[in-house]
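# Remarks on the overall topology
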Amino acid sequence: MAAFNLTTFDPSPFILMGIPGLEAAHLWISIPFSTFYIISLFGNFMLLFLVGKEQTLHKPMYLLLCMLALTDIGMSTSVMPKALCILWFNLNGITMGGCLTQMFFIHAVSVMQSAVLLTMAFDRYVAICNPLRYTTILTNVRIAKLGLVGLTRAVLFILPMPLLVSRLPFCANRIIPHTYCEHMAVAKMSCGDFTVNRTYGLVVAFVVIGFDLTLIALSYSLIIRAVLRISSKKAHQKALNTCTAHICVMLMSYTACLFTYLTQRFGQGIASHVHVTFANFYLLVPPMLNPIIYGVKTKELREKVGKYTCR
């Protein structure tokens, strides 16, 4: 109980260092960060606007793109406003409540995004392997229900993280060498035993990412098998093109996520400024590029963008 009281009622804030060792360059670093963030918001809100405005885009595939856009907005917005305050104005302080709230949203949105990518893989599987039943298997209502399941899973898996951190004792060292409250970065600041936090974080990562990647790999193995059976070269190419955008987004998201996660826990030899910079790019670059990739690869979206920009 003493340990619980030490953190719950202690008003002392945490201090977010920003990018350790590069404090003198914070203002310059903020330029690409803010630029990527603005492009990300513009691209994802544009996607949401187009799908909401155009009745012809009210289809399961575009509903999934809207879910992806919302997770992209949530992921970057849970970090960037505070990170830019640190880089621009040196406003490093964050309360325990603020830190735990940010931690929850960062990790919950990340888990939710993984669920969306898994659902998108299933969407492509049905579209290519069972096209005649696509409209009956994947309706807008069913996609919305799958999204709700993904959201529920994210909340149930991630909610224990800030609760476990809130029970840790924090002594004099409250300086977090990061731009945001990442789970293990905060737990490592504790002067108590955080083995439970480390173990729970590993279990969640392996269960969520392992489960989702296994099902995504299974979906694409079945897709490749179905595509290889197609005799027509034109149909063969068309089937592969429908998957290209999703494969690009998936590889970019999971590669960055796994690198950031593994270096935080096992990358003692990696300089902290490299890890923190890459962790921020993971939360900025995929959300910025996702709407661009889908905008370029999806004909209907290109046409709708042209309709509104060429007026």
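The notes below deal with the structure included here. (Residues numbered from 1 in each chain as written. Predicted model: local features only at pLDDT ≥ 70, side-chain atom pairs only at ≥ 80, totals over all residues. Heavy atoms only, no water.)

## Section: the layout of surface pockets
- Here the largest pocket defines a volume of roughly 450 Å³.
- When contributions to the lining of the largest pocket are tallied by element, the ones reaching two or more residues are helix H3 (60–77), helix H5 (96–129), helix H11 (233–266), helix H12 (272–297) and helix H13 (299–309).
- For the lining of the largest pocket, the residue count by class is nine nonpolar, four polar and seven charged.
- Computed from the structure, the second largest pocket encloses a volume of approximately 260 Å³.
- If you go around the second largest pocket, you meet 15 residues; those closest to its centre are Lys188, Thr263, Gln264, Ser272 and His275.
- Looking at the lining of the second largest pocket, the elements with two or more residues in it are H11 and H12.
- No other element matches the four residues that H11 contributes to the lining of the second largest pocket.
- In terms of residue class, the lining of the second largest pocket is made up of six nonpolar, seven polar and two charged. (1 Å grid on protein atoms, 1.4 Å probe; cavity = no way out; pocket = protein on both sides within 12 Å on 5 of 7 lines; lining within 4 Å. Points joined across faces, edges and corners; volume = space filled by probe spheres on them. Helix = DSSP H or I, 4+ residues; strand = E, 2+ residues; numbered from the N terminus. Nonpolar A, V, L, I, M, F, W, Y, C, P; charged D, E, K, R; others polar.)

## A closer look at unusual backbone geometry
- Located in the positive-phi region is Asn90, a residue other than glycine, with phi close to 60°.
- Within the secondary structure layout, Asn90 lies in the loop between helix H4 (80–89) and strand E2 (93–94).
- Judged by its relative accessible area of 53%, Asn90 is exposed. (Buried < 20%, exposed > 50% of the residue type's maximum accessible area, 1.4 Å probe, protein only.)

## Concerning the side chain of Thr119
- Locating Thr119 in the fold gives a position in helix H5.
- In terms of polar contacts, Thr119 uses its side chain to reach the backbone carbonyl oxygen of Ala115, at 2.8 Å.
- In this structure, Thr119 is in contact with Leu64, Ile143 and Leu146, ignoring residues within four places of it in sequence. (Polar contact = N/O pair within 3.5 Å; in protein donor to acceptor, adjacent residues only side chain to side chain. Contact = heavy atoms within 4.5 Å.)

## Some points on a nonpolar patch on the surface
- The grouping of Leu148, Leu151, Val155, Leu159 and Leu163 at the surface amounts to a nonpolar patch, some 430 Å² of accessible area in total.
- For the nonpolar patch, the element with the most residues is helix H7 (residues 140–158), which contributes three residues.
- Within the element layout of this structure, Leu159 appears in the loop between H7 and helix H8 (160–166). (Patch = residues over 30% accessible without salt bridge, like charges linked within 9 Å, V, L, I, M, F, W, Y side chains within 5 Å. Areas by Shrake-Rupley, 256 points an atom, 1.4 Å probe, with all protein chains shown as cover. Salt bridge = Lys/Arg side-chain N within 4 Å of Asp/Glu carboxyl O.)

## Some details on the environment of Phe104
- Note that Phe104 resides in helix H5.
- Taking C-alpha positions, Phe104 is 36 Å from Lys304, a pair spaced 200 residues apart along the chain.
- Filtering out sequence-adjacent residues up to four positions away, Phe104 remains in contact with Val155, Ile158, Leu159 and Pro162.

## Section: the state of the cysteines
- For the structure shown, the criterion picks out two disulfides.
- Put simply, Cys99 and Cys181 are joined by a disulfide, and their sulfur atoms are 2.1 Å apart. Because the sign of the S-S torsion sets the handedness, a value of about -120° for the bond joining Cys99 and Cys181 places this disulfide among the left-handed ones. Of this pair, Cys99 sits in helix H5 while Cys181 sits in the loop between strand E3 (175–176) and helix H9 (183–187), and the two are 82 residues apart along the sequence.
- Under the relative-accessibility criterion, Cys181 is labelled buried at 0%.
- Here Cys171 is linked by a disulfide to Cys191, with a sulfur-sulfur distance of 1.9 Å. Classification of the bridge connecting Cys171 and Cys191 rests on its S-S torsion, roughly 65°, and on that basis the disulfide is right-handed. Taken together, the positions of Cys171 in the loop between H8 and E3 and Cys191 in the loop between H9 and helix H10 (195–228) put the pair 20 residues apart, joining distant regions of the chain.
- The exposure class of Cys171 is partly exposed, given its relative accessible area of 42%. (Disulfide = S-S within 2.5 Å.)

## Quick look at the pattern of salt bridges
- Tallied over the entire structure, the rule returns four salt bridges.
- Of the charged contacts, one joins Asp123 and Arg124 as a salt bridge, the two residues approaching to 2.7 Å between their closest N and O atoms.
- By relative accessible area, Arg124 is classed as buried at 10%.
- In this structure, the salt-bridge partner of Arg153 is Asp212, at a minimum N-O distance of 2.8 Å. Of this pair, Arg153 sits in helix H7 while Asp212 sits in helix H10, and the two are 59 residues apart along the sequence. Of the two residues, Arg153 and Asp212, neither departs from the other in class, the shared state being buried.

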